[in-house]
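# Fold and contact review
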Amino acid sequence: METNLNVPENMEQDLVGLIAESIRTRSYSDEEGNLAHLIRKHMEGLGYDLAEIDSVGNVVGRIGNGKTIIHFDGHMDTVQVNDADQWQVPPFSGEIVDNAIWGRGSVDMKSALCAALYGAALAKKMGYLEDKTVYVTGTVCEEYCDGENLKHFYREYDLKPDYCIICEPCDNVITLGHKGKAQIRIITHGISAHGSAPEKGKNAVYEMAEIISRVDRLNQELSRREGPHGTIVLSDISCVSASLNAVPSQCSIYLDRRLAWGETLDQVRKEMDGLIKGKDAHWEVGTLHHTSWNGGQLDYEPMHDPWKIDKDSHLALALRRAYTCIYGRDPDSYDFWDFGTNAITPVAMGIPTIGFGPGEYKLAHMRDEHCDLQKIKDAFRIYTQLIREL
């Protein structure tokens, strides 16, 4: 598709080349170091005023030095590949097949990160940075600790941007928000006894059995609600037992509760109280602890309300204008992500935040992940034009 922004041909080629190289650079969560150094090196080559790695391993690029601060974020980590022999195209090849670039991370979300990286550089070439500063971050461990990475970045750089663009995949549809999330651990308590005399103990797994049934019923109730609705799923289960010949003294389950627009964390807390009612059990936030690739500590509390930006806000209207400039038409629709992103941190800080990135998000985490090349090039132009519009 022809666009209204002239881009040097070699710049597009270099962008696609960097995406391919980034796909070939495996970067599972907590293993992003090689990719971080690759991205930093390219920032330097593109003339960024700052290109460095922060204390938890995020890559931080800054270009321009104006009053208005615009932040583009894309995470570097990917989920693992456990079925490489079943992919149509090798998952770490970065090959171009059928006008798409293939491999783990092509959709989620190395293509978008690289497009933002080049978009800011093009904005500088085009003279769009007057009175503006643009940050581009490649963040760590988003797959486990979304938003925690940006907490460290904003705190370390004493920064509160005026605008934040989360470059997660949405097939180049302007995305106004996403569902909330609560990850909860329920623990039941028993009494250990020898397996030959179970009547002398109290089996924590049996105590959990009815709670599990209640979780299933709650999800069914949520699914019957009209319009957008939340979900809940049991994603992990374990028990503590003195031996294989003993009655378990403790059992725990991990729950993933997604909140639709209109639902609240207070509602979820009441649901959790209901799940354990009458049982020897308690619930707690399922806090996760990770050590990043360079030794930074990430402590993540997954309790987030859903969020949505007004489509008539200054940021949304600017992105709409950028979209129209590049595509030659107004957007047909807007989107709302089912999944969580790093947006939870800027949103919590009151920073106007919106989502836009190439790639069909249903291909994320899947075998044969691939991203349309034209959508990548269009996103690259739209990021550049958005900087101008803001």
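Note that this is a predicted model, so its numbers are computed, not measured. (Residues numbered from 1 in each chain as written. Predicted model: local features only at pLDDT ≥ 70, side-chain atom pairs only at ≥ 80, totals over all residues. Heavy atoms only, no water.)

### Things to note about the pairing of strand β14 (residues 297-300)
Across the two faces of β14 the burial differs, with L298 and Y300 buried and Q297 and D299 not buried at all. Sheet topology note: the strand β13 (residues 288-291)/β14 ladder contains four bridges and is antiparallel. Pairing of H290 across the sheet is with L298, part of β14. Counting the residues that bridge the hairpin from β13 to β14 gives five residues, and of these G295 lies at a positive phi of roughly 95 degrees. (Buried < 20%, exposed > 50% of the residue type's maximum accessible area, 1.4 Å probe, protein only. Helix = DSSP H or I, 4+ residues; strand = E, 2+ residues; numbered from the N terminus. Pairing = 2+ DSSP bridges.)

### A short note on helix α6 (residues 204-223)
Given a rise of 1.5 Å per residue, 20 residues ought to cover 28 Å, and the 29 Å separating the end C-alpha atoms of α6 matches this to within 8%. Restricting attention to buried positions, one finds in α6 the residues A204, E207, M208, I211, R214, V215, L218 and L222. Tucked inside the fold, the buried residues of α6 contact β9 (180-189), β10 (231-240), β11 (250-259), α7 (265-276) and β12 (281-285). At the N-terminal boundary of α6, the capping side chain belongs to N203, with an oxygen 2.9 Å from the backbone nitrogen of V205. (Expected span 1.5 Å × (residues − 1). Contact = heavy atoms within 4.5 Å. Polar contact = N/O pair within 3.5 Å; in protein donor to acceptor, adjacent residues only side chain to side chain.)

### A closer look at the packing of aromatic side chains
In this description, an aromatic ring pair is defined by two values, namely the gap between the centres and the angle between the planes. Tallied over the entire structure, the rule returns nine aromatic pairs. Ring geometry for Y28 versus F92: centroids 6.3 Å apart, planes at 65 degrees, classification edge-to-face. Of this pair, Y28 sits in the loop between α1 (9-24) and α2 (33-45) while F92 sits in the loop between β3 (68-75) and β4 (96-97), placing them 64 residues apart in sequence. When its relative accessible area of 26% is taken as the criterion, F92 is described as partly exposed. Look at F153 and Y157: their rings are 5.3 Å apart centre to centre, the planes differ by 50 degrees, and that puts the pair in the tilted class. Taking relative accessible area as the criterion, Y157 reaches 19% and is therefore assigned buried. Among the aromatic residues, ring-to-ring pairing joins Y135, F153, Y154 and Y157 into one connected group. Stacked on the ring of F336, the Lys or Arg K308 has its end atom at 5.5 Å from the ring centre. One Lys or Arg, R329, reaches over the ring of Y327 and ends 5.2 Å from the middle of that ring. (Phe/Tyr/Trp six-rings, centres within 6.5 Å; stacked < 30°, edge-to-face > 60°. Lys NZ or Arg CZ within 6 Å of the ring centre and 35° of its normal.)

### Description of the layout of surface pockets
To find leftover empty space, one rolls a probe the size of a water molecule over the atoms. By volume, the largest pocket is sized at about 640 Å³. Every residue lining the largest pocket is counted, 25 residues in all, and those nearest its centre are E142, E143, Y144, R258 and H365. Where the lining of the largest pocket is concerned, the elements lending two or more residues are α4 (142-145), β9 and β11. The class makeup of the residues in the lining of the largest pocket is nine nonpolar, eight polar and eight charged. Taken together, domain 1 (7-176 + 305-387) and domain 2 (179-289) each give at least three residues to the lining of the largest pocket, which thus spans both. Volume-wise, the second largest pocket comes out at about 190 Å³. Lining the second largest pocket are 15 residues, and of these M303, H304, I344, T345 and A348 sit closest to its centre. Of all the secondary-structure elements, those providing two or more residues to the lining of the second largest pocket are α5 (148-156), β15 (303-304) and α9 (344-348). Per element, the largest residue contribution to the lining of the second largest pocket is four residues, and it comes from α9. (1 Å grid on protein atoms, 1.4 Å probe; cavity = no way out; pocket = protein on both sides within 12 Å on 5 of 7 lines; lining within 4 Å. Points joined across faces, edges and corners; volume = space filled by probe spheres on them. Nonpolar A, V, L, I, M, F, W, Y, C, P; charged D, E, K, R; others polar. Domains from an automatic or database assignment.)

### Comments concerning the pattern of salt bridges
In total, this model carries 21 salt bridges according to the counting rule given. Taking the shortest distance from any N to any O, the salt bridge between K375 and D171 comes out at 3.0 Å. On the criterion of sequence distance, the pair formed by K375 in helix α10 (residues 373-389) and D171 in the loop between β7 (163-166) and β8 (175-178) is long-range, its members being 204 residues apart. We classify D171 as partly exposed; its relative accessible area is 28%. Notably, a salt bridge pairs R225 with E263, separated by 3.4 Å at the nearest N-O pair. Taken together, the positions of R225 in the loop between α6 and β10 and E263 in the loop between β11 and α7 put the pair 38 residues apart, joining distant regions of the chain. Taken together, the salt bridges that share partners define one network made up of R225, R257, E263 and E271. (Salt bridge = Lys/Arg side-chain N within 4 Å of Asp/Glu carboxyl O.)

### What to know about the sheet that holds strand β19 (residues 370-372)
Strand order in the open sheet made by the three strands is β4-β5-β19, with antiparallel pairing throughout. In the strand order of this sheet, the two ends are held by β4 and β19, each with one partner. Note: β4 against strand β5 (residues 100-102), two bridges, orientation antiparallel. Its bridge partner being in β5, I96 is matched across the sheet by I101. Sheet contacts for helix α3 (residues 106-126): β5 and β19; angle to β19, the most-contacted strand, approximately 45 degrees. (Axes fitted to C-alpha atoms, helices over the stretch in contact; angles between N-to-C directions.)

### A short note on the domain arrangement of the protein
Domain boundaries in the protein define domain 1 (7-176 + 305-387) and domain 2 (179-289). Each of domain 1 and domain 2 has a C-alpha centre, and these two points are 36 Å apart. With eleven residues of domain 1 at the interface, the matching set in domain 2 holds twelve residues. Between domain 1 and domain 2 the total buried area reaches about 960 Å² when both faces are included, carbon and sulfur atoms providing 56% of it. (Buried area = accessible area lost by both parts, 1.4 Å probe.)

### Here we look at the side chain of H152
For H152, the position within the fold is in helix α5. On the basis of relative accessibility, which here comes to 16%, the residue H152 falls in the buried class. Only 3.5 Å separates the side chain of H152 from the backbone oxygen of Q297, close enough to count as a polar contact. The contacts of H152, once residues within four sequence positions are left out, are V56, Q297 and L298.

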